[in-house]
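Structural description and commentary
One letter stands for each residue in the lines below.
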Amino acid sequence: MDLFAQGIVNGLSSAGIYIMVALGLTLVLSIVRIVNMAHGEFYMVASYCMYYMVTRLGLNFFLSLVISAIFVGGLGIAMERFALRPLQGNLDQTLIVCIGLMLALQNIVLAIAGGLPKSFEGPYQGVVRAGAIVISWDRLLVVLVTVLLVAVLFVFLAQTKTGLAMRAIAQDQGAASLQGININRISATAMCMGCGLAAIAGAVVGPIFAVQSTMGSFALMKGIAVIVLGGLGSLTGAVGGGLIIGLIDGIVPVYTSGYLGSVISFAMVIAMLLIRPQGILGHESK
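Attention here is on the structure that accompanies the text. (Residues numbered from 1 in each chain as written. Predicted model: local features only at pLDDT ≥ 70, side-chain atom pairs only at ≥ 80, totals over all residues. Heavy atoms only, no water.)

A short note on helix H3 (residues 61-84)
Relative to the 34 Å expected for 24 residues at 1.5 Å per residue, H3 spans 32 Å between its end C-alpha atoms, a close match to the ideal helical length. On the buried face of H3, the contacting elements are helix H2 (39-56), helix H4 (91-113), helix H5 (137-159) and helix H8 (183-205). If you check the start of H3, you find a side-chain oxygen 2.8 Å away from the backbone N of Phe-62, and it comes from Asn-60. (Helix = DSSP H or I, 4+ residues; strand = E, 2+ residues; numbered from the N terminus. Expected span 1.5 Å × (residues − 1). Contact = heavy atoms within 4.5 Å. Polar contact = N/O pair within 3.5 Å; in protein donor to acceptor, adjacent residues only side chain to side chain.)

Set out below in structure tokens:
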């Protein structure tokens, strides 16, 4: 039981990373109507920004996190305005642009930072113990940040004018446009928020895992798995799917290996596509 409980704790920290990445993907998918294949690279860029600000400039961890999120969110706005907006409705060209940006960001980071993995310390050192269960402060921070961001995001979408506009566009873009909602402005906002969420995930994961140019591919893969399992376009589904895959990744390695956990996760995704393509909390497309 102690091993099982430890696996749950480890899984919750993994779930936090997956949820933040998947929420960003879901926002962009719902509003901009694309699966942003460069999403993982925004996550990666934020980790490198954190590395340079924390280790080279000596800035406070949380200040660096805010700066990284703002910078990467700005990159998201630029991507929407100059790369995606001119190609509205052309999914093939949009996909090619996203893949091109993904490769470009990877190679720019390699040219600047080199190929050796980087690392930086989190704001708190040591571990927290509760009986036989142990969790590092770095992983606990991931859980706390995820809970805070999920709460803030859902309140934003339910209580603010911009959030309500996003929900309207997600439900029916044509009707939202007829009601006077500025689709382009909301799309840029969604890209900023989506990339910002990926940036925060990348920022808090840096003290746990190595920072390297290919780390975005893993994040994108897990994020897509989460939104397919939870339901395309469903923010609640992204949270639920992230919890399921995170707990699998945390519990299975306690008894077998981490590789088997990934196999089980993606087997569930394939089964979901075959049995219920809209996901656990998604809706049938009309």
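Still to come is the rest of the account.
Quick notes on the nonpolar core
In this structure, Met-20, Leu-23 and Tyr-43 are the most contacted members of the largest nonpolar core, which totals 78 residues. Ignoring sequence-local partners within four residues, the contact set of Tyr-43 consists of Ile-17, Val-21, Ala-198, Ala-201, Gly-202, Val-205, Met-215, Gly-216 and Ala-219. (Core = buried A, V, L, I, M, F, W, Y, C linked by side-chain atoms within 4.5 Å. Buried < 20%, exposed > 50% of the residue type's maximum accessible area, 1.4 Å probe, protein only.)

Regarding the packing of H2 against H8
At a minimum axis separation of 7 Å, H2 and H8 run at an interaxial angle of 50°. What the angle tells us is that H2 and H8 run oblique. Between H2 and H8 the crossing geometry is right-handed. In contact with His-39, Phe-42, Tyr-43, Ala-46, Ser-47 and Met-50 of H2, H8 contributes Gly-194, Cys-195, Ala-198, Ala-199, Ala-201, Gly-202, Ala-203 and Val-205. (Axes fitted to C-alpha atoms, helices over the stretch in contact; angles between N-to-C directions. Parallel < 35°, antiparallel > 145°, perpendicular 65-115°, else oblique. Left-handed = near helix turned anticlockwise from the far one by under 90°.)

A short note on the side chain of Ser-68
You can see Ser-68 is positioned in helix H3. If we skip the residues at most four places from it in the chain, Ser-68 touches Ala-46, Cys-49, Met-50, Met-53 and Ala-199.

Describing a nonpolar patch on the surface
Taken together, the side chains of Leu-3, Phe-4 and Tyr-255 present a nonpolar region at the surface, about 320 Å² in accessible area. With respect to the helices and strands, Tyr-255 occurs in helix H10 (residues 235-255). (Patch = residues over 30% accessible without salt bridge, like charges linked within 9 Å, V, L, I, M, F, W, Y side chains within 5 Å. Areas by Shrake-Rupley, 256 points an atom, 1.4 Å probe, with all protein chains shown as cover. Salt bridge = Lys/Arg side-chain N within 4 Å of Asp/Glu carboxyl O.)

Overview of the environment of Ser-217
Position of Ser-217 among the secondary structure elements: in helix H9 (residues 215-230). Each C-alpha atom, one on Ser-217 and one on Met-102, is 9.3 Å from the other, the two residues being 115 residues apart in sequence. Look past the residues within four positions of Ser-217 in its chain and what remains in contact with it is Glu-41 and Gln-106.

Points about the pairing of strand S1 (residues 127-130)
Across 4 bridges, S1 lies against strand S2 (residues 133-136) in antiparallel orientation. Looking at S2, one finds that Val-128 is bridged to Ile-135. As consecutive antiparallel partners, S1 and S2 are separated by 2 residues, and within that stretch Gly-131 has a phi angle of approximately 70°, a positive value. (Pairing = 2+ DSSP bridges.)

Examining the pattern of salt bridges
If you walk through the whole model with that rule in mind, you get 2 salt bridges. Among the salt bridges present, the one from Arg-85 reaches Glu-80, with a minimum N-O distance of 2.8 Å. By relative accessible area, Glu-80 is classed as buried at 2%. Among the salt bridges present, the one from Asp-249 reaches Lys-222, with a minimum N-O distance of 2.7 Å. On the criterion of sequence distance, the pair formed by Asp-249 in helix H10 and Lys-222 in helix H9 is long-range, its members being 27 residues apart. Judged by its relative accessible area of 16%, Asp-249 falls in the buried class.

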